[in-house]
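# Inside the fold
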Amino acid sequence: MPLRPAALPTVMRRLVSVLLPIALLVLAPLPVAAQEAPGADDDLPVAEIQAFAEVFERIKRAYVEEVEDADLLRNAMRGMLSELDPHSAYLDSEEFESLRESTQGEFGGVGIEVGMEEGQLTVITPIDDTPASRAGLRSRDRILRIDDTPTDRLSLQEAVNLMRGEPGTQLRLTILHQDANAPLEVTLTREIIRTQSVKHELLEPGYGYLRVSQFQSRTGQQVDDALESLEQDGPLDGLVLDLRNNPGGVLQAAVDVADAFLDSGLIVYTEGRLADSAMRFSAGRETAAPEVPLVVLINGGSASAAEIVAGALQDQRRGVVMGTQSFGKGSVQQIMSLGNDEGLKLTTALYFTPDGRSIQAQGIEPDVEVIRGRLEVAESSRLDVREADLEGHLGASEDPRERSEMSQRLREDYQLGEALNLLKALNVLSRRLDG
């Protein structure tokens, strides 16, 4: 039965007069898609509107402090969206501006990507070279308090707003590591977070390392430039693509990065209730590194766009995925303007790999599981001393200090060392098969 405002008490008529324009404003950008969505119902539910109106009226009359109508309605919208999934949210003008700042790649904060998991504020990943990564925060750490504020009653956006602030100011976080028995408190100093999404270097002659820390609008071009730089001295014998602790970002950038290694075939597709949410992205013929042996590193902090790249390269048999299971954030959010500088972030579709695997809440399973660790060498051991380390040695072909620095890095990063070893083994096997 359709709702009849004339039959409602005064407060209900007042609420309907407010709620209907809001509903029309939300739906206005998507009139065609809304009509095509299956199960659409033009009738507002009378019983639920009546219950809402009664709660609204009781708060207005009996709550210990007076509350503005606008605040109650905004809180109702926040609750409505937060109950859908961890990534949908209502954005007031301040939150909308904060989102713009983060997508531009520069803001004041400590450098962590966070989300809600089982009702708890959880670290998805710390961003490289930020206060959070330097303090040792890790993927899936639970944030229990921000300064003196418990996080159990905060929305995701409220938590983000508390953690951001003026550079130079301090922030105290009470965190619980996934494998810890007791929480600990860390004090961080906010900085201007300028995210550099791509880094590269040679691990050894012929073996490159390409780190993508997140996916921004120019990441695809930066990856192409990095590959060109790595190949200046000749073709690569192997490449490690490091997507660990990469929280994702721009979908098109993920497609561009996967396309750098693929010359054909599907990369990712999306499905949702709306007609325009069904998209397919395929590789083009122009490819920066179509034949370089490839190992892709992932871990529990690899999410969203990072999982798209890893899933595409895995399904296309283009590289070996190594590390630990990824985060499992396989949903698409659209940002919709509501006017007056306010907005809506709404989940509208899910990602699928070329083979039809859903990333959502499942993640990408590595082909070779290698857990985080460190290679320890006993202090008394002289196994790491070579002829090139001895003073006055003959015929040095490289600076031993550079080799020592790289050896130290590989000892610090066990997964990276194993990725390099796998690339070398693949090359040995390939040469024997060709011979």
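Every value quoted in this text rests on a predicted model; they were computed, and no experiment measured them.

Basis of the calculations
- Residues numbered from 1 in each chain as written.
- Predicted model: local features only at pLDDT ≥ 70, side-chain atom pairs only at ≥ 80, totals over all residues.
- Heavy atoms only, no water.
- Helix = DSSP H or I, 4+ residues; strand = E, 2+ residues; numbered from the N terminus.
- Contact = heavy atoms within 4.5 Å.
- Areas by Shrake-Rupley, 256 points an atom, 1.4 Å probe, with all protein chains shown as cover.
- pLDDT = per-residue confidence, 0-100.
- Buried < 20%, exposed > 50% of the residue type's maximum accessible area, 1.4 Å probe, protein only.
- Pairing = 2+ DSSP bridges.
- Salt bridge = Lys/Arg side-chain N within 4 Å of Asp/Glu carboxyl O.
- Axes fitted to C-alpha atoms, helices over the stretch in contact; angles between N-to-C directions.
- Parallel < 35°, antiparallel > 145°, perpendicular 65-115°, else oblique.
- Nonpolar A, V, L, I, M, F, W, Y, C, P; charged D, E, K, R; others polar.
- Core = buried A, V, L, I, M, F, W, Y, C linked by side-chain atoms within 4.5 Å.

Okay, the overall build of the chain next. When helices and strands are tallied, the chain shows twelve helices and 19 strands. For the chain, contacts bridging at least 24 residues in sequence account for 68% of all contacts bridging at least 6. Of the roughly 23700 Å² of accessible surface on the chain, a fraction of 49% belongs to carbon and sulfur atoms.

With that settled, the discussion passes to the confidence of the model for the chain. Per-chain confidence: the chain averages 82 in pLDDT, with 78% of residues scoring 70 or above. Every residue in residues 22-36 is under pLDDT 50, and counting partners more than four places away or in other chains gives 13 contacts. Residue range residues 375-383 is modelled with pLDDT below 50. Its contacts to residues more than four positions away, or to other chains, number two contacts.

Take D315: it is sitting in helix α10 (residues 305-315). Assessed through its relative accessible area of 9%, D315 is described here as buried. With sequence-adjacent residues up to four places away left out, D315 is seen in contact with T353, P354, D355 and R357.

With four bridges connecting them, strand β5 (residues 142-146) and strand β7 (residues 170-176) associate as antiparallel partners. Bridging from a neighbouring strand, I143 pairs with I175 of β7. Alignment of β5 against strand β6 (residues 149-150), held across two bridges, turns out to be antiparallel. Bridged to I146 within β6 is T149. Counting the residues that bridge the hairpin from β5 to β6 gives two residues, and of these D147 lies at a positive phi of roughly 55°.

Before going further, it helps to spend a moment on the pattern of salt bridges. This model, assessed by the stated rule, comprises 20 salt bridges. For K424, the salt bridge is made with E204, and the minimal N-O distance between the two is 2.9 Å. Taken as a pair, K424 in helix α12 (residues 414-434) and E204 in strand β10 (residues 198-204) lie far apart in primary sequence, 220 residues in all. With relative accessibility at 27%, the residue E204 sits in the partly exposed group.

Let's shift gears to the packing of helix α8 (residues 219-230) against helix α9 (residues 251-259). Contact geometry for α8 and α9: axes closest at 8 Å, N-to-C directions at 25°. With respect to their mutual orientation, α8 and α9 come out roughly parallel. Only A253, D256 and V257 of α9 make contact with α8, whose side of the interface consists of T219, G220 and V223. Here the residues of the contact of α8 with α9 sort into three nonpolar, two polar and one charged.

Before going further, it helps to examine the nonpolar core. F215, L241 and F261 are the most contacted members of the largest nonpolar core, which has 43 residues in total. The set of elements that each furnish at least two residues to this core consists of β11 (207-212), α8, β12 (238-242), α9, β13 (266-271), β15 (294-298), α10 and β18 (342-352). Sequence-distant contacts of F261, defined by excluding residues within four places in its chain, comprise L210, L227, L239, L241, T287, A289, P290, L294, L313 and R318. If you look at the next biggest cluster of nonpolar residues, it comprises 19 residues, including V114, L121, A132 and I143.

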